[in-house]
Amino acid sequence: EDKVVQSPLSLVVHEGDTVTLNCSYEVTNFRSLLWYKQEKKAPTFLFMLTSSGIEKKSGRLSSILDKKELFSILNITATQTGDSAVYLCAVVISGYALNFGKGTSLLVTP
Amino acid sequence: KAGVTQTPRYLIKTRGQQVTLSCSPISGHRSVSWYQQTPGQGLQFLFEYFSETQRNKGNFPGRFSGRQFSNSRSEMNVSTLELGDSALYLCASSLVVGGSEQFFGPGTRLTVL
């Protein structure tokens, strides 16, 4: 059975802190891994990762994939209150189904 | 460019009824995927349509079905509603099939009483 596990489930940090969110997976026929941010609405796309070791970066957010160890991390530096959200990881498998993890709920306090 | 739109935004039904939800993708996008989101199970993939054909299907019973029209608009139907079908139903569109960058609509909140 395909599994996508995110950790931690929830996290509370102070503004300015750096956080690392984890996503590990056990799937057959891996194609790619996606990160999304969900506030009180629909998820918004952050990154798509297909190759190991290549960091994707967007402002204070960055992500990297390790296909040998079957995990990805999402880093957020200098966190701001606007980063508070649920961060979702999804793995695309052969046949193009997306398997989502349960998400990490991040709260950034002032 | 207009985003993904879903109608209705909120819906209340009773057990045993059926419901049809609609999704209009971003102009030019030909792939539409449907997801169910609940607090307990998180986001779960229902199915994906591309060029009016179902290309992939998640692990949901046959009561959940969908279709896509020639203009890429998609509908999802749930028959014989159960209490457990109460959820946020999200649709997402992308240019091509296959788990590429997807743009989500605001969702339809379905409550089954």
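Every chain is numbered on its own, with residues counted from 1 as its sequence reads. Chains carry letters from A onward and ligands carry numbers from 1 onward, assigned in written order. Under the rules for a predicted model, residues below a pLDDT of 70 receive no local features and side-chain atom pairs below 80 are neither given nor counted, while totals for whole chains, interfaces and linings still include all residues. With hydrogens and water set aside, each side-chain value is computed from the structure's full complement of heavy atoms.

1. Some words on the overall build of chain A
Only DSSP runs of H or I covering at least 4 residues are called helices, and only runs of E covering at least 2 are called strands; the numbering of each starts at the N terminus. Of the regular secondary structure elements, chain A holds 0 helices and 11 strands. Of the regular secondary structure in chain A, the N- to C-terminal order runs β-β-β-β-β-β-β-β-β-β-β. Every radius of gyration here is taken over C-alpha atoms, with the globule rule written as 2.2 Å times N^0.38, N being the number of residues. At 13 Å, chain A has a C-alpha radius of gyration in line with the 13 Å of a compact globule built from 110 residues. The C-alpha extent of chain A, read off along each of the three principal axes, is 40 × 25 × 20 Å.

2. Remarks on the sheet that holds strand β3 (residues 19-26) of chain A
Strand pairing within a sheet occurs via backbone hydrogen bonds; the two strands may be parallel or antiparallel. Residues and elements named next belong to chain A. In short, DSSP must find at least two bridges between two strands for them to pair. Taking strand neighbours across the sheet as the criterion, the 5 strands line up as β1-β3-β8-β7-β6 in an open arrangement whose pairing is antiparallel. Strand pairing shows two members of the sheet lacking a second neighbour, β1 (3-7) and β6 (56-58), which therefore form its edges. Direction aside, the axes of adjacent strands within the sheet are offset by 15° on average. Where strand β7 (residues 61-66) and strand β8 (residues 71-76) come together, 6 bridges link them in antiparallel fashion. Bridging across to β8, Leu 65 finds its partner in Ser 72. To obtain an axis, a line is fitted to C-alpha atoms, over the contacting stretch when the element is a helix, and the angle between two such axes runs from 0 to 180 degrees between their N-to-C directions.

3. Description of the layout of surface pockets
Cavities and pockets are defined on a 1 Å grid built over the protein atoms alone: a cavity is a set of grid points where a 1.4 Å probe fits but cannot escape, while a pocket is an open set with protein on both sides within 12 Å along at least five of seven lines, and lining residues are those with an atom within 4 Å of any such point. Grid points are joined across faces, edges and corners, and a volume is the space filled by probe spheres set on the points. Here the largest pocket is characterised by a volume of approximately 540 Å³. Forming the walls of the largest pocket are 18 residues, and the residues nearest its centre are A:Glu1, A:Asp2, A:Asn99, A:Phe100 and B:Gln44. Those elements giving two or more residues to the lining of the largest pocket turn out to be β1 and β10 (98-100) of chain A together with β5 (42-50) of chain B. When residue character is reported, Ala, Val, Leu, Ile, Met, Phe, Trp, Tyr, Cys and Pro are called nonpolar, Asp, Glu, Lys and Arg charged, and the others, Gly included, polar. Each residue belonging to the lining of the largest pocket can be placed in one class, and the counts come to 9 nonpolar, 5 polar and 4 charged. There is about 340 Å³ of room inside the second largest pocket.

4. Thoughts on the state of the cysteines
Our working definition of a disulfide is a cysteine sulfur pair at a distance within 2.5 Å. Going through the model one piece at a time under the given rule, you end up with 2 disulfides over all chains. A disulfide bridge connects A:Cys23 with A:Cys89, and the sulfur atoms are separated by 1.9 Å. Between A:Cys23 and A:Cys89 the sulfur-sulfur dihedral comes to about -55°; the bridge is accordingly left-handed. Taken together, the residues span a long stretch of sequence, with A:Cys23 in strand β3 and A:Cys89 in strand β9 (residues 85-93) at a distance of 66 residues. Assigned by exposure class, A:Cys23 and A:Cys89 land together as buried. The side chain of B:Cys23 participates in a disulfide bridge whose partner is B:Cys91; the two sulfur atoms lie 1.8 Å from each other. As the torsion about the S-S bond is roughly 60°, the B:Cys23-B:Cys91 disulfide counts as right-handed. Separated by 68 residues along the polypeptide, B:Cys23 in strand β3 (residues 19-24) and B:Cys91 in strand β9 (residues 87-94) bring together distant segments of the chain. Burial classification: accessible surface area is computed with a 1.4 Å probe over protein chains only, and a residue below 20% of its type maximum counts as buried, one above 50% as exposed, and the rest as partly exposed.

5. Details of the environment of A:Phe71
Residues and elements named next belong to chain A. With respect to the helices, strands and loops of the structure, Phe 71 is situated in strand β8. Taking the relative accessible area as the measure of exposure, Phe 71 reaches 31% and is therefore partly exposed. Between the C-alpha atoms of Phe 71 and Val 4, which are 67 residues apart in sequence, the distance is 9.3 Å. Non-local contacts of Phe 71, meaning those with residues more than four positions away in its chain, are made with Cys 23, Ser 24, Tyr 25, Ile 64, Leu 65 and Asp 66. We call two residues in contact whenever any of their non-hydrogen atoms come within 4.5 Å of each other.

6. Remarks on the interface of chain B and chain A
Counting from both sides, the interface comprises 19 residues of chain B and, opposite them, 16 residues of chain A. A quick way to say it: buried area is the sum, across both parts, of accessible area lost when two parts are put together, with a 1.4 Å probe. Both faces considered, chain B and chain A share a buried interface measuring about 1400 Å² in area, 61% of it formed by carbon and sulfur atoms. Whenever Lys or Arg places a side-chain nitrogen within 4 Å of a carboxyl oxygen from Asp or Glu, that contact is recorded as a salt bridge. Counting every contact that joins chain B to chain A gives 0 salt bridges. Elements with a minimum of two residues in the side of chain B that touches chain A: β4 (31-38), β5 and β6 (53-57) of chain B. Looking at the side of chain B that touches chain A element by element, the count peaks at 4 residues for β5(B). Considering only residue class, the side of chain B that touches chain A consists of 6 nonpolar, 10 polar and 3 charged.

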